[in-house]
Amino acid sequence: MSDILLRFDFAQSPVRGEICQLQTLCHAVTDRHDYPLPVRTLLGQAMSAVVLMAAMLKLEGSLILQIEGDGPVNLVMAECNHRGEVRAMASHGDDPVPDDGWLAMVGQGRLLLTIDPEDGQRYQGIVPLEGASLAEALGHYFAQSEQLPTEFHLFADGERAGGLMLQVLPGHDQGDDADLWPRVRNLAATLSASEMLSLDAESVLYRLFHEETVQLLAEQALAFVCSCSRARSENALRAIAEDELKQLLDEQSGLIEVRCQFCLQRYPFDRIDIEQLLRHDGSPGSDSLQ
Ligand SMILES: [Zn+2]
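Not measured: the values here are computed from a predicted model.

Asker: Could you give an account of the coordination of the zinc ion, naming the residues involved and the relevant values?
Answerer: Ligation of the zinc ion by protein atoms is provided by Cys226 (SG), Cys228 (SG), Cys260 (SG) and Cys263 (SG), these donors lying 2.2 to 2.3 Å from the ion. Around the zinc ion sit four donor atoms; with metal-centred angles ranging over 101 to 116 degrees, the donor geometry is tetrahedral. Classification of Cys228 by relative accessible area gives buried; the value is 13%. Given a relative accessible area of 1%, Cys260 falls into the buried group.

Asker: Summarise helix α7 (residues 201–209); cite the residues concerned and give the values.
Answerer: Three or more residues of α7 are buried, namely Ala201, Val204, Leu205, Leu208 and Phe209. Across the axial projection of α7, the buried residues extend over an arc of 95 degrees, all falling on one side. Buried residues along α7 sit against β1 (4–10), β2 (15–22), β9 (161–168), α5 (180–188), α6 (193–198) and β10 (214–221). The N-cap of α7, judged by a side-chain oxygen 3.1 Å from the amide nitrogen of Glu202 a few residues on, is Asp200.

Asker: Pulling in residues and values, what's your account of the sheet that holds β1?
Answerer: Reading across the sheet, the five strands line up as β8-β9-β2-β1-β10 and stay open at both edges, with antiparallel pairing between neighbours. The open sheet has two edge strands, β8 (150–156) and β10, and neither has a second partner. Neighbour-to-neighbour, the strand axes of the sheet open up by a mean angle of 15 degrees, direction not taken into account. Most of the contacts of α7 go to β1, to which it runs at about 30 degrees, and overall it touches β1, β2, β9 and β10.

Asker: Describe in detail the packing of helix α9 (residues 242–251) against helix α10 (residues 271–279), supporting the description with residues and values.
Answerer: The N-to-C vectors of α9 and α10 enclose an angle of 175 degrees; their axes lie 11 Å apart at closest approach. Between α9 and α10, the crossing angle belongs to the class labelled roughly antiparallel. Residues Glu242, Leu245, Lys246, Leu249 and Asp250 of α9 form the contact with α10, whose participating residues are Arg271, Ile274 and Leu278. In terms of residue class, the contact of α9 with α10 is built from four nonpolar, no polar and four charged.

Asker: Mind laying out the nonpolar core, listing which residues take part and the relevant values?
Answerer: Counting residues in hydrophobic clusters, the biggest one holds 71 residues, and the most contacted among them are Met53, Leu65, Leu134, Leu138 and Phe152. By residue number, the principal contributor to this core is helix α2 (residues 37–54), which donates eleven residues. Both of domain 1 (4–224) and domain 2 (230–279) provide at least three residues apiece to this core. Sequence-distant contacts of Leu138, that is, excluding residues within four places in its chain, are made with Ala49, Met53, Leu65, Leu111, Leu113, Phe152 and Leu154. Counting residues in each nonpolar core, the second largest holds 21 residues, with Leu166, Trp181, Val184 and Ala188 among its members.

Asker: Account for the pattern of salt bridges, with residues named and values stated.
Answerer: If you walk through the whole model with that rule in mind, you get 14 salt bridges. Linking Arg271 and Asp250 is a salt bridge whose minimum nitrogen-to-oxygen distance equals 3.0 Å. Taken together, the residues Arg271 in helix α10 and Asp250 in helix α9 connect sequence positions 21 residues apart. Note that Glu257 is salt-bridged to Arg266, the shortest N-O span being 2.9 Å. Taking the relative accessible area as the measure of exposure, Glu257 reaches 38% and is therefore partly exposed. Among the residues examined, Arg266 registers a relative accessible area of 44% and is labelled partly exposed. The structure contains a network of salt bridges with shared partners spanning Arg83, Glu85 and Glu118.

Asker: Tell me about the environment of Val50, and name the residues and values.
Answerer: With respect to the element layout, Val50 can be found in helix α2. Looking at Val50, the relative accessible area reads 0%, which means it is buried. Measuring from C-alpha to C-alpha, the distance between Val50 and Asn74 comes to 19 Å, with 24 residues separating the pair along the chain. Not counting residues within four places of it along the chain, the set of residues in contact with Val50 comprises Leu63, Ile64, Leu65, Ala78, Glu79 and Cys80.

Asker: An account of the packing of aromatic side chains is needed here, citing residue identities and associated values.
Answerer: Each aromatic ring pair is specified by the distance between its two centres and by the angle formed by the two planes. For the coordinates displayed, the defined rule picks out five aromatic pairs. Judged by centre distance (5.6 Å) and plane angle (80 degrees), the rings of Tyr141 and Phe142 are edge-to-face. Exposure class is identical for Tyr141 and Phe142. Each is buried. Between the aromatic rings of Phe142 and Phe152, the centroid separation amounts to 5.6 Å while the plane-to-plane angle is 50 degrees, which identifies the pairing as tilted.

Conventions and cut-offs
- Residues numbered from 1 in each chain as written.
- Predicted model: local features only at pLDDT ≥ 70, side-chain atom pairs only at ≥ 80, totals over all residues.
- Heavy atoms only, no water.
- Donors = N, O, S within 2.8 Å, 3.2 Å for Na, K, Ca; no water.
- Tetrahedral: all angles 85-135°; square planar, octahedral: opposite > 155°, others 65-115°.
- Buried < 20%, exposed > 50% of the residue type's maximum accessible area, 1.4 Å probe, protein only.
- Helix = DSSP H or I, 4+ residues; strand = E, 2+ residues; numbered from the N terminus.
- Arc of directions from axis to C-beta.
- Contact = heavy atoms within 4.5 Å.
- Polar contact = N/O pair within 3.5 Å; in protein donor to acceptor, adjacent residues only side chain to side chain.
- Pairing = 2+ DSSP bridges.
- Axes fitted to C-alpha atoms, helices over the stretch in contact; angles between N-to-C directions.
- Parallel < 35°, antiparallel > 145°, perpendicular 65-115°, else oblique.
- Nonpolar A, V, L, I, M, F, W, Y, C, P; charged D, E, K, R; others polar.
- Core = buried A, V, L, I, M, F, W, Y, C linked by side-chain atoms within 4.5 Å.
- Domains from an automatic or database assignment.
- Salt bridge = Lys/Arg side-chain N within 4 Å of Asp/Glu carboxyl O.
- Phe/Tyr/Trp six-rings, centres within 6.5 Å; stacked < 30°, edge-to-face > 60°.

Below you can see the structure in the form of structure tokens.
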């Protein structure tokens, strides 16, 4: 099983789909962090979801999924860009993380989806955290905000992850085969975690839809790539008030270390760096995570 996204459609119909499978990516995230198993599982689902959603974008840029809640896991972030570069992180306290559904982990809060084009304005959609699973919450999101019938099936076991998305494109007549959407939805609902996590993507599609005419459209490789940099760390520091920065320097023996929460790369700033930063003060950065 390699890290891959496949796009497909059902011939002569407005129903399209995507399937992704992640293994190296799951390890890239979990090898860097000591996440409990339920968190690794949710991260696998979140990465699958951003991979599927980023592939729908018709622009160069990133899609960012953020779960902010008041539960033991207070933040989950996953990000994928048009090149198939993915990163993800989660933040949790010292309390044990319950393995009793995603809402027990994340609590009450909100799910944010941000489209961040390389050129142009950011777009952000927000929905409350609800539903039996992340997949269900995303289905609600699309029903409300995009008005497109869309459904997600997300699976992960801490080692591997995979996702299937089906969507009806707007502005098309389903023609003679108006039953296609309910039919493929019912077929997709039979997909099990063990099928998704053990079979390759084409075999999963064959097992589900062998009585339909599935056309494979495009394939994209996926990889863990972190977009953090010293420049972005400088932006994060610029968002902190000058006297707070100086206090931090004093507290930390004259060296502030900005650590990327995704890849754990450290960016050190000593007194001279901070003074330079304050002298060439630009606009405050928006990305406070690194
Ligand atoms: Zn990083």
